[in-house]
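Overview (structure and organization)
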Amino acid sequence: MIPINNEIYSISLTGLKGHVVRIEASVRTDKAQCIIVGLPDASLKESKERILGALHVLGKDVEMKKITVHLSPADMKKQGTAFDMAMLIAVLQEMEKVPLKIPDRTCFLAALTLSGEFTTFHNMITSIHQAVLLGFTRIYIPPIDLTFFKNIQNVEFIRIPDIESLLQHLKGKRSLFESDLTLLMSESPKIEPAEVPHVCFSAIRGHEEAKSAMILAAAGGHHLLMSGPPGCGKSLLSNALHTILPDLTHDEVLEVYSIYQLARQQRGTTIRPPFRSPHHSSSEGAIVGGGRYPRPGEMSLAHRGVLFLDELGHFQKRVIDTLRQPLEMGVATVNRVEGSDQFPASINLIAATNPCPCGYYGSNEKYCTCSDKVRLRYMQKITGPIIDRVDFVLEMKSQGILSETTAETSVELREKVTGARQRQRARYSANYTNAIVPVKLFEEKTFFTAYQMKRVQEVSFTEKLSSRSTMKILRLAQTIADLHHDGKVTNECIEEALSWKIRAAQVHQSLMR
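Thresholds, definitions, all that
- Residues numbered from 1 in each chain as written.
- Predicted model: local features only at pLDDT ≥ 70, side-chain atom pairs only at ≥ 80, totals over all residues.
- Heavy atoms only, no water.
- Buried < 20%, exposed > 50% of the residue type's maximum accessible area, 1.4 Å probe, protein only.
- Helix = DSSP H or I, 4+ residues; strand = E, 2+ residues; numbered from the N terminus.
- Contact = heavy atoms within 4.5 Å.
- Polar contact = N/O pair within 3.5 Å; in protein donor to acceptor, adjacent residues only side chain to side chain.
- Pairing = 2+ DSSP bridges.
- Axes fitted to C-alpha atoms, helices over the stretch in contact; angles between N-to-C directions.
- 1 Å grid on protein atoms, 1.4 Å probe; cavity = no way out; pocket = protein on both sides within 12 Å on 5 of 7 lines; lining within 4 Å.
- Points joined across faces, edges and corners; volume = space filled by probe spheres on them.
- Nonpolar A, V, L, I, M, F, W, Y, C, P; charged D, E, K, R; others polar.
- Core = buried A, V, L, I, M, F, W, Y, C linked by side-chain atoms within 4.5 Å.
- Salt bridge = Lys/Arg side-chain N within 4 Å of Asp/Glu carboxyl O.
- Parallel < 35°, antiparallel > 145°, perpendicular 65-115°, else oblique.
- Left-handed = near helix turned anticlockwise from the far one by under 90°.

1. Some words on helix H5 (residues 163-170)
Taking burial as the measure, the 8 residues of H5 include 6 buried ones, the bulk of the element. Listing the buried residues of H5 in full gives Ile163, Ser165, Leu166, Leu167, His169 and Leu170. Turning to H5, the residues buried within the fold contact helix H3 (84-95), strand E6 (102-103), strand E7 (106-108), strand E9 (118-119), strand E10 (138-141) and strand E11 (156-159). The distance from a side-chain oxygen at the start of H5 to the backbone nitrogen of Glu164 is 3.3 Å, and the residue carrying that oxygen is Asp162. Backbone geometry just after H5 places Gly172 at a positive phi near 80°.

2. So, the sheet that holds E7
Sheets are built from strands that pair by backbone hydrogen bonding, the pairs being arranged parallel or antiparallel. Strand order in the open sheet made by the 3 strands is E7-E10-E11, with parallel pairing throughout. Only two strands of the sheet have a single neighbouring strand rather than two, namely E7 and E11. The sheet shows a mean angle of 20° between the axes of neighbouring strands, taken without regard to direction. As paired strands, E10 and E11 are joined by 4 bridges and run parallel to one another. Looking at E11, one finds that Tyr140 is bridged to Ile158.

3. Brief notes about the layout of surface pockets
When its volume is computed, the largest pocket comes out at roughly 690 Å³. If you go around the largest pocket, you meet 29 residues; those closest to its centre are Leu13, Gln79, Gly80, Asn123 and Tyr293. Taken together, the elements giving at least two residues each to the lining of the largest pocket come down to strand E2 (8-14), strand E15 (295-296) and strand E18 (339-344). Partitioned by chemical class, the residues of the lining of the largest pocket number 11 nonpolar, 12 polar and 6 charged.

4. A closer look at the nonpolar core
Met214, Leu224, Met226, Ile350, Phe392 and Leu394 are the most contacted members of the largest nonpolar core, which has 52 residues in total. Excluding residues that lie within four positions of it along the chain, Phe392 makes contacts with Ala213, Leu216, Ala217, His222, His223, Leu224, Leu225, Leu476 and Trp500.

5. Digging into the pattern of salt bridges
Following the criterion strictly, the structure yields 24 salt bridges and no others. Residue Glu7 is joined to Arg22 by a salt bridge in which the shortest nitrogen-to-oxygen separation is 3.6 Å. Of this pair, Glu7 sits in the loop between strand E1 (4-5) and E2 while Arg22 sits in strand E3 (residues 17-29); the two residues are 15 residues apart in sequence, bridging distant segments of the chain. According to the relative accessible area criterion, Glu7 is partly exposed, its value standing at 30%. Looking at Arg22, the relative accessible area reads 29%, which means it is partly exposed. Between Glu209 and Arg503 there is a salt bridge; the shortest N-O distance is 2.8 Å. Taken together, the residues Glu209 in helix H6 (residues 208-220) and Arg503 in helix H19 (residues 491-511) connect sequence positions 294 residues apart. Within the structure, one salt-bridge network assembled from shared partners comprises Glu328, Asp388, Arg389 and Arg468.

6. A closer look at the side chain of Lys66
Structurally, the position occupied by Lys66 is in strand E5 (residues 65-72). Other than its neighbours up to four places away in sequence, Lys66 contacts Ser26, Val27, Arg28, Asp30, Lys31, Gln33 and Ile35.

7. Considering empty space enclosed by the protein
On inspection of all chains with the given rule, the structure shows 2 cavities of 30 Å³ or more. Taken as a whole, the largest cavity holds about 170 Å³ of empty space. Glu252, Arg304, Arg421, Arg425 and Thr433 are, among the 17 residues lining the largest cavity, the residues nearest its centre. Taken together, the residues of the lining of the largest cavity break down into 6 nonpolar, 6 polar and 5 charged. Of the pockets and cavities examined, the second largest cavity occupies roughly 50 Å³. Where the lining of the second largest cavity is concerned, the elements lending two or more residues are strand E12 (224-227), strand E19 (348-353) and helix H14 (384-388). Of the residues belonging to the lining of the second largest cavity, the class tally is 11 nonpolar, no polar and no charged.

8. Details of the packing of H6 against H19
Packing of H6 against H19 leaves a shortest axis separation of 13 Å and a crossing angle of 115°. Our classification of the angle between H6 and H19 gives roughly perpendicular. Between H6 and H19 lies a crossing whose hand is left-handed. Facing H6, whose interface residues are Glu209, Ser212, Ala213 and Leu216, H19 presents Glu496, Trp500 and Arg503. Residue classes in the contact of H6 with H19 are distributed as 3 nonpolar, 1 polar and 3 charged.

9. Overview of the pairing of E19
For E19, the buried fraction is high: 6 of the 6 residues fall into the buried class. Of the two faces of E19, both are covered, the one formed by Asn348, Ile350 and Ala352 as well as the one formed by Leu349, Ala351 and Thr353. Bridge count between E12 and E19: 4 bridges; the pairing is parallel. Among the inter-strand pairings, Ser227 is bridged to a residue of E19, identified as Thr353. For strand E16 (residues 306-309) and E19, the ladder comprises 4 bridges, and the chain directions are parallel. Looking at the pairing, Phe308 lines up with Ile350 of E19.

10. Looking at the sheet that holds E16
With respect to topology, 5 strands assemble into an open sheet ordered E13-E16-E19-E12-E20, the strand pairing being parallel. Every other strand in the sheet has two partners, leaving strand E13 (275-276) and strand E20 (392-395) as the edge strands with one partner each. When E12 meets E20, the two strands line up parallel, connected through 4 bridges. Residue Met226 lies in a different strand from E20, and its bridge partner there is Leu394. Where helix H7 (residues 234-241) meets the sheet, its contacts fall on E12, E13, E16 and E19, and the angle it forms with E19 comes to roughly 170°.

11. A closer look at the packing of helix H2 (residues 47-57) against H3
The N-to-C vectors of H2 and H3 enclose an angle of 50°; their axes lie 10 Å apart at closest approach. If you check the angle between H2 and H3, you find them oblique. The element H2 and its partner H3 pack so that their crossing is right-handed. Counting all contacts with H2, which are made through Ser47, Arg50, Ile51, Ala54 and Leu55, the residues of H3 involved are Asp84, Met87, Leu88, Val91, Leu92 and Met95. Of the residues in the contact of H2 with H3, the class split is 8 nonpolar, 1 polar and 2 charged.

Below you can see the structure in the form of structure tokens.
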């Protein structure tokens, strides 16, 4: 028997996180009025007109009726029109002689029209997903396509076109719409197929070191900085990285799509990871996120994909410094007067910069026209703390058109990278990469011999590497093992990881001279 209660619930979003909102209403004889309390925003306050319109369609007498709708918790700001259906049901609960019987763990998510029909609202897919994560087992929604939630078990999605059909359903009566109430699990998903790589690795000539670094970065979620003269291949390699990243899982497609909904940006249901390349004039808010009511920035829009920052030296220093915490934690935090929100930002950062404003410092092709003062001011934007969080720092040179190409294609490399990512998911029992997995979990799930730990400590002391860099070496060694040795860290993995980190420090020092 299904437990019955009279409580009405809906979902409020804070960033990408959902919160349960309880709706209650009182209707008493007084001067005709409809009030919504509980910190509603402007769009939510306007719901009272839609509620009154729906009551009029149902033939309910609202003259000399004061209707008060309360949204709790009262100290949490609520936005949008997602609460319309729940508020209308709460009001009807008070006006009906026989209370509606609502099963336990039921959630209502729909906006209203003046004619009493239910319709969609902004962030609807995100709200439904959060309702599922919060444990609701029956969710009333408008008649929409539910292929996103095809694989979700033990949740009944009930698609209702209007208030009359909803009342009939809650009273246990058969309606004309009943044959289409629940999600048909036989429906096939309408996920777009994988896109054909527009820059295949097999077409890139030379740059073997950079290609190796790219493959490791893709396998473990690591970050990479390339410095070199114009036209040496930095942008080409950065675009190629996207083609070897694994396809998104169904849950990841939903997660990325939800972020784009929050940001009010268009994105299809493709299984390919996102690729974002913001202009160097972008502000701090555009990169990390911001606004009076915080929205995701470019870092979150690149979640599970690539964030390519071309011409890094032209970005504002403050913007570059805001990358620190998201690169390490995989989360972008936006603090505003109206609230503080967190957005996921598990990315591969690929940054490219010229070694000086003219671009030809250290080049054999042209003479550099920049003074030492100008060049150092240009490179000092890329601070030590940022380099500390980057696993690969490469000094690029132009390659001749007769250089050899790589034999492996992007599709073949993607299979190897996918295998490495799957080993990491299995090891951590979560969707973490080696680059951002919490330190405690990393230490619990990985194993290094006494010799390997001693070797890393000795080199870190000799090269004066920070504690963060030491941990980066271990993370990178584990990625090398996941890619080439089925997850077992060998001494060769440690030596290769050490060589990458030492080279990164040397290249950075040479750029700052």
